[in-house]
Amino acid sequence: MSGQNRLLAIMLGVLAALVLVVGGLSAVLLLGGEGGNSDDGDGGPTGVSSGGEDNGGDGASASGRLRLASTDPVTLDPHVAGDAGSAEYIVEIFGGLMTITPDLEIVPDLADSIEVSEDGMQYTFTLREDAFFHTGRRVSAQDVKYSIERAASQELSSPVAVAYLGDIVGVREKFFGLAEQVEGVEVIDDRTVRFTLDAPKPYFLAKLTYPTAFVVDQQQIEANPQNWTRRPNGTGPYELSEWRLNERIVLEANEDYHLGAPNVQEVLYLLSGGSALTRFENDELDVSFITVNDIDRARDPNSDLNPLYSTWPQFTISYIAFNTNVPPFEDADVRRALAQSIDRRRVSEVTFNSMLVPATGVLAPQLPGYTPDDKTFQFDPEAARASLEASSYEVTEDGRLLGPDGNTYNITVTEVGGGAEARIDTQAFLEQWRTELGINVEIRQTDFATFLADQDAGRLQMFNAGWIMDYPDPESILDLKFHSESNLNDIEYTNEEVNGLLEAARVEQDPERRIQLYQEAEALIIQDAAWIPLYFSDSHVVVNPAVEGWFEPPIVIPRLRFVEVNR
């Protein structure tokens with residue numbers, strides 16, 4: 001989600017850390033090793049705890065308990081979350097007017113019915129009578145209005161609010177401090193709320209499934225504005241029962257959930273420990289991601305893991321991004337040269353044992369608008385050198401770039417990590433840039449939170465990142481990441497022809513024409529080499545036979561209530 005981008009979900013395990021920052025959601029795909037942890041801000045050693053009995057987590061099996069490996073969330077505030085690790089919890093604890101089913105259908109959640117005006121610019125929602133917060137208070141239209149206005153407030157300064165709520169009249173004015181209320185959100189009565197858009201947007205309901213549009217409890221937040229997320233009062237299928245920093249998070253089923261009580265009574269997230277697969281085989285976890293070290297064993301029909309192994313395609317792309325507003329990457333030929341001088345396919349097949357799929361474009365397989373033909377720059381050292389020669393830069397003897405202004409520029413690629421070396425595919429790319437172009441690219445590693453802050457602020461020159469779609473629509477990546485006025489366009493990319501195509505697609509009511517517009521925009525973006533698309537992701541997992549109905553959705557959606565544990 002967050003797009004703003006849905007994942008600190010560990011979606012793959014393989015040997016070096018791949019950073020994906022997501023469609024919202026930012027994601028860290030760990031190709032081997034465990035994810036990092038984040039501090040909850042109170043300085044205490046145990047984080048948040050209910051103070052109740054010890055729920056175990058050391059391998060004890062309990063009827064109705066699902067045991068998963070995860071990491072501490074960056075935040076549990078849905079209105080500011082922009083990473084998949086946080087969203088993994090948020091979509092279970094909170095809800096909004098709309099949600100996404102396991103079949104990727106956009107359906108009502110807190111809403112009971114929806115009326116859309118003939119011009120497509122007004123959406124009137126009637127709330128369910130049986131929609132309650134976890135404390136038992138009924139959700140009202142005023143709660144919806146408060147939540148939208150809080151998300152859009154200048155005080156909160158949400159990095160995702162404008163991108164996901166900006167189609168509503170008045171959200172931008174509220175965000176920039178020009179209005180006290182969001183004009184386009186109107187409470188009709190206690191159960192009815194109306195949204196007015198700035199134009200007819202076919203994807204609007206899909207955007208309401210993103211956490212920024214979720215409903216929060218005004219009374220709880222105003223009573224404890226600093227620490228309310230330690231025990232948030234949501235409307236979702238699960239309640240946060242316990243949170244011990246770096247140790248575990250426990251979710252308990254909301255038996256009164258309006259869409260049906262969950263099948264799993266308790267979900268235990270273990271936040272520390274060694275190898276997930278080892279813990280899985282020791283009956284301490286019910287699900288484990290498979291790393292590159294174990295993929296051959298999982299694929300072997302004679303292996304004990306093979307009957308438990310499955311793969312799931314993801315709406316996720318990893319890429320190398322260029323800040324097109326700083327030297328030398330304001331020059332598209334320099335970007336093209338770097339794209340043409342790395343062999344992504346060989347890295348995917350050899351280094352990652354085909355666990356990752358070489359990207360053929362920006363839109364992932366199964367997304368509307370995806371086409372199987374490879375639209376990306378291929379590995380072609382001769383063409384790469386020609387592109388560099390066509391640029392306004394020259395390579396110096398020490399591997400830097402001499403610009404037309406007479407200044408020399410170092411190139412630094414930033415990635416999430418804390419090891420002594422870059423991730424293994426980055427090392428391969430560094431060597432190819434040096435060998436094929438004579439360019440010495442430096443590596444900078446940073447922690448996840450710092451990476452996100454620097455990315456949002458436009459401080460990164462070149463970086464490894466990724467995007468996980470928030471909803472199954474091309475707008476969730478092409479418009480959010482590449483329109484020049486999007487606040488999620490963290491590379492300062494500008495192409496007026498692309499802008500025009502994206503703006504036309506926003507309001508195009510003919511589905512086929514709308515997809516065509518996105519495909520045309522994608523082609524231009526790829527030719528501009530704003531990104532180097534690297535890989536599409538598959539999720540590789542093994543699941544305990546006692547767990548029924550487990551699935552790895554291609555995007556972050558509520559899923560725990562659909563799972564059963566039979567023991």
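The structure we're discussing is the one just above.
Some remarks on the packing of aromatic side chains
Aromatic ring pairs are described here by two measures, namely the spacing of the ring centres and the angle between the planes.
Right, so step 1: Counted according to the given criterion, the structure contains 16 aromatic pairs.
Right, so step 2: Ring centres 4.7 Å apart and planes at 50 degrees place the aromatic pair Phe322 and Phe329 in the tilted group.
Right, so step 3: Ring geometry for Tyr393 versus Tyr409: centroids 6.2 Å apart, planes at 70 degrees, classification edge-to-face. Within this pair, whereas Tyr393 is found in the loop between α11 (381–390) and β16 (394–395), its partner Tyr409 is found in strand β18 (residues 408–409), the two being separated by 16 residues in sequence. Pair check on accessibility: Tyr393 and Tyr409 agree, each one buried.

Concerning the pattern of salt bridges
Right, so step 1: Tallied over the entire structure, the rule returns 31 salt bridges.
Right, so step 2: With its nearest N and O atoms 2.9 Å apart, the salt bridge here joins Asp473 to Arg514. Remark: Arg514 occurs in helix α16 (residues 511–527) and Asp473 occurs in the loop between β21 (462–468) and α14 (478–482); sequence separation between them is 41 residues.
Right, so step 3: A relative accessible area of 11% means that Asp473 is categorised as buried.
Right, so step 4: Overlapping salt bridges bring together Asp167, Asp198, Lys201, Lys207 and Glu475 as one network.

Quick word on helix α2 (residues 141–151)
Right, so step 1: Burial analysis of α2 places 10 of its 11 residues in the buried class, the great majority of the element.
Right, so step 2: Turning to α2, the residues buried within the fold contact β7 (122–127), α3 (161–165), α4 (171–175), β8 (185–189), β9 (192–196) and α6 (218–223).

Side note on the pairing of β8
Right, so step 1: Pairing of β8 with β9, which is carried by 4 bridges, proceeds in the antiparallel orientation. Across the sheet, residue Val187 finds its bridge partner in β9, namely Val193.
Right, so step 2: Between the end of β8 and the start of β9, which pair antiparallel, lie 2 residues.

Considerations on unusual backbone geometry
Right, so step 1: A cis geometry characterises the amide bond from Pro327 onward to Pro328, with omega recorded as 0 degrees.
Right, so step 2: One non-glycine residue with positive phi stands out, namely Asn246, at about 65 degrees.
Right, so step 3: Along the chain, the position of Asn246 falls in the loop between β10 (238–244) and β11 (248–253).
Right, so step 4: With a phi angle near 55 degrees, Ala529 is a residue other than glycine that sits in the positive phi range.
Right, so step 5: Structurally, Ala529 is set in the loop between α16 and β22 (531–543).

The rules behind the values
Residues numbered from 1 in each chain as written. Predicted model: local features only at pLDDT ≥ 70, side-chain atom pairs only at ≥ 80, totals over all residues. Heavy atoms only, no water. Phe/Tyr/Trp six-rings, centres within 6.5 Å; stacked < 30°, edge-to-face > 60°. Helix = DSSP H or I, 4+ residues; strand = E, 2+ residues; numbered from the N terminus. Buried < 20%, exposed > 50% of the residue type's maximum accessible area, 1.4 Å probe, protein only. Salt bridge = Lys/Arg side-chain N within 4 Å of Asp/Glu carboxyl O. Contact = heavy atoms within 4.5 Å. Pairing = 2+ DSSP bridges.

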